[in-house]
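Analysis of the macromolecular model
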Amino acid sequence: VSDNSEAEWGMDTPVYRMCKAFHDDRIKYYRTPRNLSLSKSFEFAHLHASGEFLLAIGADDGILPYTLEILADTMQKQPQFPIFLWHQASYRWEGLEKGRRNTNGASLYVHCKNEWRLSSYKSKDFFKGLFSDYGNLYYLPMFYHNSGMRRSYMATIYERTGVLWDGHCQDVSMAVTTACLEQEFCFVDNILTIEALSKASIGINCIIGNNSLEQMDIVRREKNTSYQGTRMQGYYERLFPHTFGANSGLYSCMMYAYAIGVITDEMLEEFDWKEMYKKVTLEIRRADILYDPQIHRIRYAVSLHGQEMLEWFDETLYHKIMQPIKIETQTEAAAENEISEYVQIMGKKMDVAPGTISDVYQASVFLQNLINEEIKG
């Protein structure tokens, strides 16, 4: 357990007390030397791990009871693969606001099989598909929720790139990097982990954006802590600045992959820059209090391509999206504030008894029983 919480250094933290309460020597607790950036926090944890296989989950995430047994068996059957991927379910903790809706439900994508099938696929096919479908990212190894690796593969990454966890988003950077380094991935065709979303999730807070002036404190804190021990962005990464959007993060990580040499010049020539800038620009929420500076960061990045590209951006996007509009205040209907508890299976919603799933552990047990019933049936 790697503790990168904001409690004062040298003091006991809630995470430390929780680990000690188990009285289990198998639990190894480590405290980061200072408040590390997210990517360096991941790197710190992985470098302190001593096992043969590495699988990272966050404090709010879950792992199915059978997962480690399945992975151990898979590693033995497929010794030629250093990286393994699988399906993941998703769970929403109580209090998570998506838009203005307060939910407490489990959205579990169940892909039940009568056997644990193993398959493989070409990594670059999914990498190329990222330009048309962001969902392809979840079939690339982010080494967070959806995948894991043999510990020895860290040396391969470092030898071939000179860095480990880095880039704008450490999980997305890993996905893009390994997609270009490896030809093929091994896939376990069933659910092994649960990606949980909570109000403390950094990724969710980035995508939601900035809704109030109080969130400016987050921006100031990031300036003080986010870049400790982290290399500064190079020229190519700045072609897609941080604008709190999914596509801006993805494209920034692609530029990072190019900077460290895993994306070739030939691959870069295939990029549709105009379409990429269009997606990044249109995903910024008009209600975001940082809308104006984010748009102008993108415009500056576009200008680095030359006058012709800037004129295209101004005529096609900039003059239209900078027209003032009225932002309606969203009203919260009583029904929208009700806590809902449900399971969603292959897009079909199924109600469950209240209290059945109130945390990610109960979600993992519920899902295991569901899959066991499916296999028996």
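Computed from a prediction, not measured in an experiment: that's the story for all the values here.

Rules behind the numbers
Residues numbered from 1 in each chain as written. Predicted model: local features only at pLDDT ≥ 70, side-chain atom pairs only at ≥ 80, totals over all residues. Heavy atoms only, no water. Helix = DSSP H or I, 4+ residues; strand = E, 2+ residues; numbered from the N terminus. Buried < 20%, exposed > 50% of the residue type's maximum accessible area, 1.4 Å probe, protein only. Contact = heavy atoms within 4.5 Å. Areas by Shrake-Rupley, 256 points an atom, 1.4 Å probe, with all protein chains shown as cover. Patch = residues over 30% accessible without salt bridge, like charges linked within 9 Å, V, L, I, M, F, W, Y side chains within 5 Å. Salt bridge = Lys/Arg side-chain N within 4 Å of Asp/Glu carboxyl O. Core = buried A, V, L, I, M, F, W, Y, C linked by side-chain atoms within 4.5 Å. Phe/Tyr/Trp six-rings, centres within 6.5 Å; stacked < 30°, edge-to-face > 60°. Lys, Arg positive; Asp, Glu negative; His and termini not counted. Charge placed at Lys NZ, Arg CZ, Asp CG, Glu CD. pLDDT = per-residue confidence, 0-100.

Along the protein chain, the regular secondary structure elements total 15 helices and 13 strands. A buried classification covers 46% of the 377 residues belonging to the protein chain. In the protein chain, of all internal contacts separated by at least 6 residues, the share reaching a separation of at least 24 is 73%. Of the roughly 20,200 Å² that the protein chain leaves accessible, carbon and sulfur atoms contribute 51%.

A cluster of nonpolar side chains, contributed by Val-1, Met-18, Phe-22 and Ile-27, occupies part of the molecular surface with about 370 Å² of accessible area. Judged by relative accessible area, Ile-27 falls into the partly exposed class, the value being 30%.

Next up on the list: the nonpolar core. Judged by nonpolar contacts, the single largest core of 61 residues is most densely connected at Phe-127, Met-149, Phe-240, Met-254, Ile-263, Trp-273 and Tyr-277. No other element matches helix H9 (residues 246–259), which puts 8 residues into this core. Sequence-distant contacts of Trp-273, defined by excluding residues within four places in its chain, comprise Leu-239, Phe-240, Met-255, Leu-268, His-305 and Met-309.

As a further point, take the pattern of salt bridges. Applying the stated criterion across every chain yields a total of 6 salt bridges. Across the salt bridge formed by Arg-31 and Asp-3, the nearest N and O atoms sit 3.9 Å from each other. Remark: Asp-3 occurs in strand E1 (residues 2–3) and Arg-31 occurs in strand E2 (residues 30–31); sequence separation between them is 28 residues. Assigned by exposure class, Arg-31 and Asp-3 land together as buried. With a shortest N-O distance of 2.9 Å, Asp-314 and Arg-299 are connected by a salt bridge. Highlighted residues: Asp-314 in helix H13 (residues 307–321) and Arg-299 in helix H12 (residues 291–303), separated in sequence by 15 residues. By relative accessible area, which is 11% here, Asp-314 ends up buried.

If you walk through the whole model with that rule in mind, you get 21 aromatic pairs. Pairing Phe-126 with Tyr-139 gives two aromatic rings, centres 5.5 Å apart and planes at 25°, and the pair type is stacked. With Phe-126 in helix H4 (residues 123–129) and Tyr-139 in the loop between H4 and strand E10 (147–150), the pair connects residues that are 13 residues apart, well separated along the chain. Classification of Phe-126 by relative accessible area gives partly exposed; the value is 22%. Site record: aromatic cluster; members linked through ring pairs are Phe-127, Phe-131, Phe-240, Tyr-251, Phe-271, Trp-273 and Tyr-277.

Right, let's talk about a negative patch on the surface for a bit. A cluster of acidic residues, Asp-265, Glu-266, Glu-269 and Glu-270, forms a negative patch on the protein surface. Structurally, the position occupied by Asp-265 is in helix H10 (residues 265–269). Owing to a relative accessible area of 43%, Asp-265 belongs among the partly exposed residues under this scheme.

Moving on, we come to the confidence of the model for the protein chain. Residues shown with low pLDDT carry predicted positions that ought not to be read at fine detail. For the protein chain, per-residue confidence averages 82 on the pLDDT scale, and 81% of positions sit at 70 or higher. By mean pLDDT, strand E7 (residues 101–103) is the weakest element of the protein chain at 39, and E10 is the strongest at 96. In the predicted structure, residues 99–106 sits below a pLDDT of 50 and forms 38 contacts with residues beyond four places in sequence or in another chain. Here residues 331–339 is a poorly scored stretch, pLDDT under 50, and it has 12 contacts once near neighbours within four places are set aside; other chains count.

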